[in-house]
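Working through the structure, step by step
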Amino acid sequence: MPPSGTLTVVSTKDRSVVLASLPVVAARHPWRWVGVAAVLVLAAQFVHGLVTNPAWDWPTFARYFTAQSILTAVGTTILLTVLGTVLGFALGIVVAVLRLSKSPFLQAVGWTYVWAFRSIPLIVQLLFWFNISYLYQRLSLGIPFGPEFVSFETVELISPMGAAVLGLALHQAAYAAEIVRSGVISVDRGQLEAAAALGIPKFRQFRRIVLPQAMRAILPNAANEVISLFKGTSVVSVMAIGELFYQVQVIYGRNARVVALLMVATVWYIILTTLLSIGQHYVERYFARGDRR
Amino acid sequence: MIEVLGVHKSFGSNEVLRGVSLDVAAGEVVVVLGPSGSGKSTLLRTINHLEKVDRGFVSIDGDLVGYRQHKGKLHELKEREILKQRRHIGFVFQNFNLFPHLTALENIAEVAPLADARQFLARVGLADKEDSYPRQLSGGQQQRVAIARALATRPKVVLFDEPTSALDPELVGEVLDVLRDLARTGTTMIVVTHEIGFAREVADRIVFIDQGVIVEQGTPAEVLDHPAHERTRAFLSKVL
């Protein structure tokens, strides 16, 4: 019980005046500092090991990192990534459009494509293409079940590199189709209605109105896919194509410097993935241009 | 100029339009009033074929919208032809539907040459905002850009679907000013709105819709001050 009403009022008022004049201190987080210290110690140990442990074999790393054979292999890896991405997304857009079409038949075609190529492991599919000439010795153009006009030896038409690009692109297209479709269905219905009400032709609607907006949802996933494909190209080493991973295997098969050469490949993969991530940042910023206030 | 005859439209078992007929003359301003769910928006959307009709037809200057008559049947047109027809019918949405990745000017230039786009933007008083993205504009400004965009295909008629319903009260006036200006300069307009004051001032004719049928129509003085029908009176007593 307060001694009297008047006194309480006065003291409450005094208290408010005092409170309003006190400095504010942010909450302390001592455990954060413990965590920081622990991570720093671990990081220091790791760096120390990299420098002092002779098994990392940095001289060998340095000798091979910019060797001509490695640079050529990096070029092949980049080429496979670019072709796989461009062809994969080009076909992926087509498959996405099929799946989004109003025709049940085209929807089914798109769905079946995605189903088939997501079901087959990439490495299995690549080996199929690599060995396609066992199945079909000759490929020909002509009337189905009728006469042939031109015909090729399958081995001549599909080189190992061709088989690799084909396999990567077909595989990529299935995933790209779903990424593109997810982007397109994320665009507000009102946008399509507005475009339709303005009488903008269908293809132009897709290219000018839908796709630029869908890109915002597509890009993070697409960047994931490109980076994943970039490292996934190492799978084509099973077809004896001289990409980065195959090349380092060849070299360490000869000189047994396994760790140093794996580090050569690792560092190249890290450098190029970093460049892709930086590129992603700028492309995303471009497509977010209407979002700034 | 616009003829709507016996239009029926159902969504599932819900019959939204139950035989609506409406004629609009060139230069006429028709305001459509009615309670929510009465079918006013659906009626507008059938006029530019955003909704297909189940029965009845819409024609503009004698041309059927969305269909072609052939041997006693109405054949639905290909999408490409419908899109071409829609350039004669401007449509302004309640929530603007500007393209957010394009500037105000680019939104209009999507359907008109650049010089024309500038003129239309100036006409709604936003010449200084041509490089602004929709998100950088107020709701009222966005709707004015949307109106400019709807005018840019030089349509024969402009349909307004509750153009001020998504706006803060203090922004309604600037959009209604644009509509007034259009009405004064002879634009043929059909406006669905809840702004009774605007209807009284600008409409040549007011059409009152309830439960999918036109209950009554006439001059603002007739419909607003001396409604003939009980349902109209009940509606007006709630909104006036």
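Quick summary incoming for the structure in this document. (Residues numbered from 1 in each chain as written. Chains lettered and ligands numbered in written order. Predicted model: local features only at pLDDT ≥ 70, side-chain atom pairs only at ≥ 80, totals over all residues. Heavy atoms only, no water.)

**Some points on the overall build of chain B**
Counted only if it meets this: Secondary structure elements follow DSSP: runs of H or I of four or more residues count as helices, runs of E of two or more count as strands, with numbering from the N terminus. Here the globule rule is a power law, 2.2 Å times the number of residues to the power 0.38, and the radius of gyration is based on C-alpha atoms. Think of it in three bands: residues with accessible area under 20% of the maximum for their type are buried, residues over 50% are exposed, and the middle band is partly exposed, with areas taken using a 1.4 Å probe on protein chains only.
Counting its regular elements, chain B contains nine helices and twelve strands. Its C-alpha atoms give chain B a radius of gyration of 18 Å, near enough to 18 Å, the size a compact globule of 240 residues would have. Projected onto the principal axes, the alpha-carbon positions of chain B cover approximately 50 × 50 × 35 Å. Out of the 240 residues in chain B, the part that is buried amounts to 56%.

**Regarding the environment of Arg181(A)**
Residue and element names in this part refer to chain A. Just so we agree on the cut-off: Residue contacts are counted whenever heavy atoms from the two residues lie within 4.5 Å of one another.
Along the chain, Arg181 turns up in helix H9 (residues 160–185). What makes Arg181 partly exposed here is its relative accessible area of 21%. Between the C-alpha atom of Arg181 and that of Ala67, which follows or precedes it by 114 residues, the distance is 43 Å. Discounting residues that sit within four places of it in the chain, Arg181 has contacts with Ala96, Arg99 and Leu100.

**Some words on the interface of chain A and chain B**
Formally: Summed over both partners, the accessible area lost on bringing two parts together, with a 1.4 Å probe, is the buried area. Salt bridge, as used here, is a side-chain nitrogen of Lys or Arg placed within 4 Å of a carboxyl oxygen of Asp or Glu. Side-chain classes are defined by residue name, with Ala, Val, Leu, Ile, Met, Phe, Trp, Tyr, Cys and Pro counting as nonpolar, Asp, Glu, Lys and Arg as charged, and the others, Gly among them, as polar.
Every contact between the two is made by 25 residues of chain A and, on the other side, 24 residues of chain B. Between chain A and chain B, the buried area comes to about 2,200 Å², and carbon and sulfur atoms account for 53% of it. Of all residues in chain A, the largest losses of buried area upon contact with chain B belong to Glu193(A), Ala197(A) and Leu198(A), amounting jointly to 26% of the total for that side. Across the chain A-chain B interface, the total number found is five salt bridges. For Lys202(A), the salt bridge goes to Glu79(B), with nearest N and O atoms at 3.4 Å. Contributions of two or more residues to the side of chain A that touches chain B are made by helix H10 (189–197) and helix H11 (202–232) of chain A. Each residue belonging to the side of chain A that touches chain B can be placed in one class, and the counts come to nine nonpolar, six polar and ten charged.

**Some remarks on helix H5 (residues 104–119) of chain A**
Residues and elements named next belong to chain A. Under the convention used in this document: To estimate how far a helix should extend, the number of its residues minus one is multiplied by 1.5 Å. Here the arc refers to the set of directions running from the helix axis out to each C-beta atom.
In this model H5 runs 22 Å from its N-terminal to its C-terminal C-alpha over 16 residues, within 8% of the 22 Å that 1.5 Å per residue would give. Where H5 is concerned, the buried positions are Gly110, Tyr113, Val114 and Phe117. Projected onto a plane normal to the axis of H5, the buried residues spread over an arc of 90° and lie on a single side. Along H5, exposed side chains directed more than 90 degrees from the buried face belong to Pro104 and Phe105. Structurally, H5 contributes buried residues whose contacts are with helix H4 (68–100), helix H6 (122–130) and H9.

**Some remarks on unusual backbone geometry**
All names here are of chain B. At Asp61, a position not held by glycine, the phi torsion is positive, near 50°. Relative to the helices and strands, Asp61 is located in the loop between strand E4 (55–60) and strand E5 (63–64). One non-glycine residue, Lys71, lies in the positive phi region at around 50°. By the secondary structure assignment, Lys71 is in the loop between strand E6 (67–70) and strand E7 (73–76). With relative accessibility at 76%, the residue Lys71 sits in the exposed group.

**Observations regarding the layout of surface pockets**
Just so we agree on the cut-off: A pocket here means an open set of points on a 1 Å grid, computed over the protein atoms alone, that has protein on both sides within 12 Å along at least five of seven lines. A cavity is instead a set of points where a 1.4 Å probe fits but cannot get out; residues with an atom within 4 Å of a point line either one. Grid points are joined across faces, edges and corners, and a volume is the space filled by probe spheres set on the points.
Approximately 1,200 Å³ is the volume attributed to the largest pocket. If you trace the largest pocket, you find 29 residues lining it, with Lys102(A), Leu192(A), Lys202(A), Gln205(A) and Glu79(B) closest to the centre. At the level of elements, H4, H9, H10 and H11 of chain A together with helix H2 (79–86) of chain B are the ones that each hand at least two residues to the lining of the largest pocket. Considering each element in turn, the lining of the largest pocket owes the most residues, seven residues, to H11(A). Its residues placed into classes, the lining of the largest pocket shows 15 nonpolar, three polar and eleven charged. Computed from the structure, the second largest pocket encloses a volume of approximately 380 Å³. Thr85(A), Leu219(A), Ala222(A), Ala223(A) and Val226(A) are the residues nearest the centre of the second largest pocket, which is lined by 16 residues in total.

**Points about the pairing of strand E1 (residues 138–142) of chain A**
Basically, it comes down to this: Pairs of strands are assigned from DSSP output, requiring at least two bridges between the strands.
Across five bridges, the pairing between E1(A) and strand E2 (residues 148–153) of chain A is antiparallel. Counterpart to Leu139(A) in the pairing with E2(A) is Phe152(A).

**Observations regarding helix H2 (residues 30–52) of chain A**
For an α-helix the count is 3.6 residues per turn, leaving residues at separations of three or four pointing the same way. An ideal rise of 1.5 Å per residue puts 33 Å on 23 residues; H2(A) measures up with 33 Å between its terminal C-alpha atoms. Taken across its 23 residues, H2(A) has one buried, putting it largely on the surface.

**Quick word on the sheet that holds strand E11 (residues 205–210) of chain B**
Residues and elements named next belong to chain B. Defined as follows: For helices, the axis comes from a line fit to the C-alpha atoms of the stretch in contact; other axes are also lines fit to C-alpha atoms, and the angle between any two N-to-C directions lies between 0 and 180 degrees.
In space, the six strands of this open sheet follow the order E8-E9-E10-E3-E11-E12, with mixed pairing throughout. With one partner strand each, in any of the chains shown, strand E8 (89–92) and strand E12 (213–218) form the two edges of the open sheet. Pairwise comparison of adjacent strand axes, ignoring direction, gives a mean angle of 20° for this sheet. Of the pairings in the sheet, the one linking strand E9 (residues 157–161) to strand E10 (residues 189–192) comprises four bridges and is parallel in character. Residue pairing for E10: Asp161 is matched across the bridge by Val192.

Any functional reading would require information beyond the geometric quantities listed.
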